[in-house]
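These are the residues of each chain, in order.
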2 protein chains.
Amino acid sequence: MSILVVGTVAIDSIETPTQARDHVLGGSATHFSYAASFFAPVRLVGVVGDDFPQQHVSLLRERQIDLEGLQVVKGGKTFYWKGKYHANMNDRDTLEVHLNVFGDFDPHVPENFRRSPLVFLANGSPMVQSKVLEQVVGPKLVVADTMDLWIRETRDELLDLLKKIDGVVMNDSEAKLLTQEENLVRAGQRVRELGPKFVIIKKGEHGAMFFSEHETYVMPAYPTEQVVDPTGAGDSFAGGIMGYLAEQDNFDPTTLKRALAYGVLVASFTVEDFSLERLRRIQRSDIDLRMEQYQKMLSF
Amino acid sequence: MSILVVGTVAIDSIETPTQARDHVLGGSATHFSYAASFFAPVRLVGVVGDDFPQQHVSLLRERQIDLEGLQVVKGGKTFYWKGKYHANMNDRDTLEVHLNVFGDFDPHVPENFRRSPLVFLANGSPMVQSKVLEQVVGPKLVVADTMDLWIRETRDELLDLLKKIDGVVMNDSEAKLLTQEENLVRAGQRVRELGPKFVIIKKGEHGAMFFSEHETYVMPAYPTEQVVDPTGAGDSFAGGIMGYLAEQDNFDPTTLKRALAYGVLVASFTVEDFSLERLRRIQRSDIDLRMEQYQKMLSF
């Protein structure tokens, strides 16, 4: 089954305590697509300027990511983000952000993409996310990401959106902000009461939590000593989850839990290098091997 | 097999964002002993003043905790700690601390206790911990806890101690402080290189990590929405681990991993009420039931 993703395609400049990279490929839709492409066909909707390097287009095409929905604005510049990670590699400061062509992004879902059974609304304003939803026809599963900005500035629109989707993914701090609950278990349950059938809370290096009507569980991150750049980890995580669900064509609790584990593992590769570098060097079999190790780690 | 624990027996006053308790039973040796007593016989070495309420003594005796090593100083006052938790229930401020009789604590291990096969050196100065070690005869397993104060102020003595023990338990921030490594996987491995055969890093609400020569793994905390008071969670965790190991009389990797899980689960009960209140209301079968749920949660 195919997955439609709508989000940013970006150019990132990243500083970590030990290394830096200038103008590498980034963006939520990019990280999501690449991660999901290990499992299922992906259709991307986004926007770039005509400064967007052809090599990045090729890289995504190599993974069979359908770029029919990637709008190229003539004379426009691609979304640019420059960030710097703290020593703990979890906190980061945004040094520069230029929305550029993304500032006027009015997502148009190509006719061919409208019947995608799985839809992922990467982090964006709930208004833009809702506009995408209006264009898709009969999706089986819609999952959205969000962030503190939208929780603070467009709360009502976000609450509307939450009633229309199946699942939502957000960070721990965002779940607390949305619900005013400091306990994450309660925060997750409260978010679920706002509408979605399931809620996934990302805890960065500490893993992720899952909440549905009948289940609450937590999965640790895969312990890696090689954290080079956490950028894109959250979107890779979502990509692994949605990719596995699309591959299985099944959203039952057992499949969802396994999907979450795949999300954790794809993200564990993403952070081991900058941009898509680590994912470029792996195959599905590497993810499955890590899955065996992860399952072994969690059995006693 | 019996476990010897040496540490504090204290009176705590605790404020949380929603509740407070004055003058309840606390202390590292107390929390450890009570947790371990679900699994194996415990021998406690500590000191209190003659203000220490008899009801607390009875409570520990009811769990078959051997108090022959609990020194009562006439005219002395028991160690007192007053703390206040932040909204996140992880960070806390110490409002008052009176070492009282613990300030001059010179642990004397009773003759009967010296051949205890398992020894837990609860958080204390490495000099005091070493003094205990000198008094025990042929232990099978010695595990110590420590804290930032000793890492900062008595680093050399701590490094000496680490060479003489089998396992060490510390918080994530303490492991980073000791090794100057921000990545917890590397920090854990570096601590192990300082001497102990295994290292356990406590991550509070995010669970724990384990490091030995051939194994690195992480276990999430059991997700509870009922975090009333985290005081004693770390010592309960250690108590669950050591208790299970003593019960099994076996320290192989499989048993150690299962012991860690028991530690996580006992601690998950501890935080559900103040002091020992929650543990007082459970039995071993409740822990085993939660173990079944925990294993189910981690299988996919």
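Residues numbered from 1 in each chain as written. Chains lettered and ligands numbered in written order. Predicted model: local features only at pLDDT ≥ 70, side-chain atom pairs only at ≥ 80, totals over all residues. Heavy atoms only, no water.

(A) Summary view of the overall build of chain A. From N to C terminus, chain A includes 11 helices and 13 strands. Taken over the C-alpha trace, chain A has a radius of gyration of 18 Å; the compact-globule value for 300 residues is 19 Å, and the two agree within 12%. Projected onto its principal axes, the C-alpha coordinates of chain A cover approximately 55 × 40 × 35 Å. Taken across its 300 residues, chain A has 61% of its residues classed as buried. For chain A, the accessible area works out to roughly 12100 Å², and carbon and sulfur atoms hold 45% of it. Across chain A, the 32 positively charged side chains and the 42 negatively charged ones have centroids separated by 3 Å. (Helix = DSSP H or I, 4+ residues; strand = E, 2+ residues; numbered from the N terminus. Rg over C-alpha atoms; globule rule 2.2 N^0.38 Å. Buried < 20%, exposed > 50% of the residue type's maximum accessible area, 1.4 Å probe, protein only. Areas by Shrake-Rupley, 256 points an atom, 1.4 Å probe, with all protein chains shown as cover. Lys, Arg positive; Asp, Glu negative; His and termini not counted. Charge placed at Lys NZ, Arg CZ, Asp CG, Glu CD.)

(B) Quick look at the relation of the copies chain B and chain A. Mapping chain B onto chain A calls for a rotation angle of 180° and an axial translation of 0.0 Å; the resulting RMSD is 0.0 Å. Taken together, the rotation angle and the small translation identify this as a two-fold axis. Both copies contact each other with a shared surface, as 100% of the interface residues of chain B are interface residues in chain A too. (Least-squares fit on C-alpha atoms with pLDDT ≥ 70 in both. Contact = heavy atoms within 4.5 Å.)

(C) Local environment of the pairing of strand β2 (residues 10-15) of chain A. All names here are of chain A. Taken across its 6 residues, β2 has 5 buried, putting it largely inside the fold. Pairing between β2 and strand β3 (residues 20-26): 5 bridges, direction antiparallel. By the bridge assignment, I14 is partnered in β3 with R21. Connecting β2 to the next strand, β3, in antiparallel fashion are 4 residues. As paired elements, β2 and strand β6 (residues 79-85) share 6 bridges and run parallel to each other. In the sheet register, I14 faces β6, and the bridge partner there is G83. (Pairing = 2+ DSSP bridges.)

(D) How the structure looks around the side chain of T146 of chain B. Topologically, T146 of chain B is positioned in the loop between β9 (141-145) and α4 (148-153). Setting aside chain neighbours within four positions, we find T146 of chain B in contact with N123, L158, V169, M170 and E174 of chain B.

(E) Region of interest: the sheet that holds strand β12 (residues 208-211) of chain B. All names here are of chain B. Taken together, the 9 strands give an open sheet; going across it, the order is β5-β4-β1-β8-β9-β10-β11-β12-β13, and neighbouring strands pair in mixed fashion. Unpaired on one side and paired on the other, β5 (66-73) and β13 (216-219) mark the two borders of the sheet. Across the sheet, the mean angle separating the axes of adjacent strands is 15° when strand polarity is ignored. For β12 and β13, the ladder comprises 4 bridges, and the chain directions are antiparallel. Following the sheet pairing, F211 is matched in β13 by T216. (Axes fitted to C-alpha atoms, helices over the stretch in contact; angles between N-to-C directions.)

(F) Molecular detail of the sheet that holds strand β7 (residues 92-98) of chain A. Residue and element names in this part refer to chain A. Sheet architecture is open: 4 strands sit in the order β3-β2-β6-β7, paired in mixed fashion. Either end of the sheet is taken by a strand with one partner, and the two such strands are β3 and β7. For this sheet, the mean angle separating the axes of adjacent strands, direction not counted, is 20°.

(G) Main features of the interface of chain B and chain A. With 34 residues of chain B in contact, the opposing surface of chain A contributes 34 residues. Taking both sides of the interface into account, the surface hidden between chain B and chain A amounts to around 2800 Å²; carbon and sulfur atoms contribute 59%. For the chain B face of the interface with chain A, the top three residues by lost area are H206, E225 and F300 of chain B, together amounting to 28%. At the boundary of chain B and chain A, one finds 0 salt bridges. On the surface where chain B and chain A come into contact, there are 14 residue pairs in polar contact (both at pLDDT 80 or more). Of all elements in the fold, only α7 (184-193), β13, α9 (253-270) and α11 (284-297) of chain B reach the threshold of two or more residues within the side of chain B that touches chain A. Residues belonging to the side of chain B that touches chain A are distributed by class as follows: 17 nonpolar, 9 polar and 8 charged. (Buried area = accessible area lost by both parts, 1.4 Å probe. Salt bridge = Lys/Arg side-chain N within 4 Å of Asp/Glu carboxyl O. Polar contact = N/O pair within 3.5 Å; in protein donor to acceptor, adjacent residues only side chain to side chain. Nonpolar A, V, L, I, M, F, W, Y, C, P; charged D, E, K, R; others polar.)

(H) Up close: the confidence of the model for chain A. On average, residues of chain A carry a pLDDT of 97, and 100% of them reach 70 or more. Here the prediction assigns the complex a pTM of 0.95, and the interface score ipTM is 0.93. (pLDDT = per-residue confidence, 0-100.)

(I) Looking closely at the packing of helix α8 (residues 233-248) of chain B against α9 of chain B. Residues and elements named next belong to chain B. The interhelical angle for the contact between α8 and α9, taken along N-to-C directions, is 140°, at an axis separation of 7 Å. Considering their axes alone, α8 and α9 lie oblique with respect to each other. Relative to α9, the crossing made by α8 is right-handed. Side by side, α8 and α9 meet where A233, S236, F237, G240, I241, Y244, L245 and Q248 of the first sit next to T255, L256, R258, A259, L260, Y262, G263, V264, V266, A267 and T270 of the second. Each residue belonging to the contact of α8 with α9 can be placed in one class, and the counts come to 12 nonpolar, 6 polar and 1 charged. (Parallel < 35°, antiparallel > 145°, perpendicular 65-115°, else oblique. Left-handed = near helix turned anticlockwise from the far one by under 90°.)

(J) Geometry of helix α2 (residues 54-62) of chain A. All names here are of chain A. Of the residues making up α2, those classed as buried are H56, V57, L59 and L60. Seen from one end, α2 has its buried residues packed into an arc of 160°, which puts them on one side. Of the residues in α2, the exposed ones pointing more than 90 degrees away from the buried face are Q54, Q55 and E62. Each element contacted by the buried residues of α2 is listed here: β2, β3, α1 (28-36), β5 (66-73) and α10 (277-280). (Arc of directions from axis to C-beta.)

(K) The arrangement of the pattern of salt bridges in detail. One pass over the structure, following the stated rule, counts 32 salt bridges over all chains. Note that E247 of chain A and R284 of chain A form a salt bridge whose closest N and O atoms lie 2.5 Å from each other. Taken together, the residues span a long stretch of sequence, with E247 of chain A in helix α8 (residues 233-248) and R284 of chain A in helix α11 (residues 284-297) at a distance of 37 residues. Residues D145 of chain B and K202 of chain B are paired through a salt bridge, measuring 3.4 Å at the closest nitrogen-oxygen approach. In this pair, D145 of chain B sits in strand β9 while K202 of chain B sits in strand β11 (residues 198-202), placing the two residues 57 residues apart along the sequence. Judged by relative accessible area, K202 of chain B falls into the buried class, the value being 11%. Taken together, the salt bridges that share partners define one network made up of E181, R186, R190 and E193 of chain A.

(L) Quick look at unusual backbone geometry. For N100 of chain A, which is not glycine, the phi torsion reads 50° and is therefore positive. By the secondary structure assignment, N100 of chain A is in the loop between β7 and β8 (118-121).

(M) Region of interest: the environment of R152 of chain B. Following the sequence through the fold, R152 of chain B ends up in helix α4. We classify R152 of chain B as exposed; its relative accessible area is 57%.

(N) Region of the structure containing the pairing of strand β8 (residues 118-121) of chain B. All names here are of chain B. Along β8, one buried face is formed by L118 and F120 and the opposite face, lined by V119 and L121, is buried too. Bridge count between strand β1 (residues 3-6) and β8: 4 bridges; the pairing is parallel. Among the inter-strand pairings, L4 is bridged to a residue of β8, identified as V119. As defined by bridge partners, β8 adjoins β9 across 4 bridges and the pair is classed as parallel. When the sheet's bridge partners are listed, L121 is paired in β9 with A144.

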